[in-house]
Amino acid sequence: MTRHARNCTAGAVYTYHEKQKDASQSGYGTQNERVGKDSIKSFDCCSMTLQPCRTPIVSPEGHLFDKEALLQYMITKKNEYSRKLKEYEKQKHKEEEELAELGRAEQQSKVNDFLKRESMVKRQNDIYKMKSQKRSEKNASSISNMANGLDKQLPSFWVPSETPDANKAPMQKPDKTIYCPMSGRPLKLKNFVDVKWTLVNDPSDKKSLAIRENRYMCAVTHDILSNAVPAAVIRTTGHVITMECFEKLIKKDWLHPLNGDKLTEKDIIPLQRGGTGYATTNVNLQGKNARPVLQA
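Residues numbered from 1 in each chain as written. Predicted model: local features only at pLDDT ≥ 70, side-chain atom pairs only at ≥ 80, totals over all residues. Heavy atoms only, no water.

1. Structural notes on the overall build of the protein chain
Reasoning step 1: When helices and strands are counted, the protein chain shows five helices and ten strands.
Reasoning step 2: Here the protein chain holds 296 residues, and the buried ones make up 23% of them.
Reasoning step 3: Sequence separation of 24 or more characterises 54% of the internal contacts of the protein chain that already satisfy a separation of 6 or more.
Reasoning step 4: Accessible surface computed for the protein chain: about 22200 Å², of which carbon and sulfur atoms make up 52%. (Helix = DSSP H or I, 4+ residues; strand = E, 2+ residues; numbered from the N terminus. Buried < 20%, exposed > 50% of the residue type's maximum accessible area, 1.4 Å probe, protein only. Contact = heavy atoms within 4.5 Å. Areas by Shrake-Rupley, 256 points an atom, 1.4 Å probe, with all protein chains shown as cover.)

2. Here we look at the pattern of salt bridges
Reasoning step 1: Scanning the model with the defined rule gives eight salt bridges in all.
Reasoning step 2: Arginine 83 serves as the salt-bridge partner of glutamate 87, at 3.4 Å between the closest nitrogen and oxygen. Remark: arginine 83 and glutamate 87 occur in helix α3 (residues 67-122); sequence separation between them is four residues, near one turn of the helix.
Reasoning step 3: Look at arginine 83 and you get partly exposed, because its relative accessible area is 43%.
Reasoning step 4: Among the ionic pairs, glutamate 247 bridges to lysine 251, the shortest N-O distance being 3.5 Å. Of this pair, glutamate 247 and lysine 251 both sit in helix α5 (residues 243-253), four residues apart, which is roughly one turn of that helix. (Salt bridge = Lys/Arg side-chain N within 4 Å of Asp/Glu carboxyl O.)

3. Looking at empty space enclosed by the protein
Reasoning step 1: Per the stated rule, a full pass over the model turns up one cavity of 30 Å³ or more.
Reasoning step 2: One number sums up the size of the largest cavity: a volume of about 50 Å³.
Reasoning step 3: What lines the largest cavity is simply Phe43, Leu225, Ser226, Val229, Ala231, Leu271, Gln272 and Arg273. (1 Å grid on protein atoms, 1.4 Å probe; cavity = no way out; pocket = protein on both sides within 12 Å on 5 of 7 lines; lining within 4 Å. Points joined across faces, edges and corners; volume = space filled by probe spheres on them.)

4. Section: unusual backbone geometry
Reasoning step 1: Here the phi dihedral of leucine 50 falls at roughly 60 degrees; this positive angle occurs in a residue that is not glycine.
Reasoning step 2: Mapped onto the fold, leucine 50 is located in the loop between β1 (31-34) and β2 (56-58).
Reasoning step 3: Judged by relative accessible area, leucine 50 falls into the exposed class, the value being 52%.
Reasoning step 4: Its identity is not glycine, yet tryptophan 254 carries a phi of approximately 55 degrees, on the positive side.
Reasoning step 5: For tryptophan 254, a relative accessible area of 21% puts it in the partly exposed group.

5. Re the UniProt feature "coiled-coil region" (unreviewed entry) in the protein chain
Reasoning step 1: When the UniProt feature table is mapped onto this chain numbering, "coiled-coil region" (unreviewed entry) sits at residues 71-108.
Reasoning step 2: With 100% helix and 0% strand, residues 71-108 has its two end C-alpha atoms placed 55 Å apart. (UniProt positions renumbered as here; feature names shortened; annotations may be inferred.)

6. Considerations on the sheet that holds β2
Reasoning step 1: The three strands are arranged β3-β2-β4 in an open sheet whose pairing can be described as antiparallel. Both edges of this open sheet fall to β3 (64-66) and β4 (193-194), since each of them pairs with a single strand only.
Reasoning step 2: Two strands pair when backbone bridges link them, and β2 and β4 are joined in this way by two bridges, in the antiparallel orientation. Following the sheet pairing, valine 58 is matched in β4 by valine 193. (Pairing = 2+ DSSP bridges.)

7. With respect to the nonpolar core
A general trend in soluble globular proteins is that nonpolar side chains are found buried together.
Reasoning step 1: Membership of the largest hydrophobic core comes to 25 residues, with the highest contact counts inside it found for Val58, Leu70, Leu187, Trp197, Val240 and Leu271.
Reasoning step 2: Elements with a contribution of two residues or more to this core: β2, β3, α3 and β7 (231-234).
Reasoning step 3: Sorting elements by how many residues they give to this core places α3 first, with four residues.
Reasoning step 4: When neighbours within four sequence positions are excluded, tryptophan 197 is seen to be in contact with Phe43, Asp44, Pro56, Leu64, Tyr216, Leu225, Val240 and Leu271.
Reasoning step 5: In terms of nonpolar packing, the next biggest core, distinct from the first, is built from nine residues, Cys218, Phe246, Leu263 and Ile268 among them. (Core = buried A, V, L, I, M, F, W, Y, C linked by side-chain atoms within 4.5 Å.)

8. Digging into the side chain of histidine 239
Reasoning step 1: Within the element layout of this structure, histidine 239 appears in the loop between β7 and β8 (240-242).
Reasoning step 2: A polar atom in the side chain of histidine 239 sits 2.8 Å from the side chain of threonine 237.
Reasoning step 3: Ignoring any residue separated from it by four or fewer positions in sequence, one finds histidine 239 in contact with Lys196, Ala219, Ala232, Val233, Ile234, His256 and Leu258. (Polar contact = N/O pair within 3.5 Å; in protein donor to acceptor, adjacent residues only side chain to side chain.)

9. Observations concerning the side chain of serine 47
Reasoning step 1: Note on placement: serine 47 falls in the loop between β1 and β2.
Reasoning step 2: At 2.9 Å, the side chain of serine 47 and the backbone oxygen of leucine 64 are in polar contact.
Reasoning step 3: Excluding anything up to four places from it in sequence, serine 47 contacts Lys41, His63, Leu64, Phe65 and Met182.

10. Section: the pairing of β7
Reasoning step 1: Covered by surrounding structure in β7 are Ala231 and Val233 together with Ala232 and Ile234, the residues of both alternating faces.
Reasoning step 2: Two strands pair when backbone bridges link them, and β7 and β8 are joined in this way by three bridges, in the antiparallel orientation. Within β8, the position partnered with alanine 232 by the bridge is isoleucine 241.
Reasoning step 3: In this structure, the hairpin formed by β7 and β8 is closed by a connection of five residues, where glycine 238 is found at a positive phi of approximately 90 degrees.
Reasoning step 4: Pairing of β7 with strand β9 (residues 268-270) involves three bridges; the strand directions are antiparallel. Across the sheet, residue isoleucine 234 finds its bridge partner in β9, namely isoleucine 268.

Okay, structure coming up:
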């Protein structure tokens, strides 16, 4: 297709190229953009703070956390649970008081009906009763919204207490369980394992640890660790090794290469590498921004 044909505006068909061009200029349609390196979390950074861990611990699912940040998260969730529990108990106590008040009102109504029937037996002041009944019938037939106690019901729809959202929805009892922010499973600190990084000994590199490109290496093979290198944590000691080391050395006899302890498959925790806020890690590194669709 020639350039003049692509810029032609006299055609009877709304072409795909014209639709894409108009969508990009008008702000309609879904935007697709590949995530860059700056949007990917480093393998040694906390999954919550996205900063290098001071005291690294790893979950059974392989998510890395800073212990201080995780404890702060657990304290925040516990405080939130305490606040919601107080609100729930307050609402429950209020409902119990309302039920008790209704019970007392019903009992008082029965007593009043009984006294009224008893007073009718005595036939006292018949003339006064007839007049009062006529007066009540007259008031009952009134169309005023201020008669017969209607002034207490606030029939005006603009009054805040008469709005649809005035009656709050009943609260459910809050869940006491604290869930992992990454996996969504119940969070228990005893299941976490302390991580022991093996620093790269490079005398020529005088930079601080936080800005080094190569900070840590495999505890056995001394291979440099990065987001491109799958790694795992040994549960019994906390050492970080590469998955290649696990497949070629440990998986043969299931012995710890540093101290000779017996290992099982559950003692190997694969580390989750850098994640993004857009898509699944290392599967689809493409961010999408949903916008209104431009229809022909």
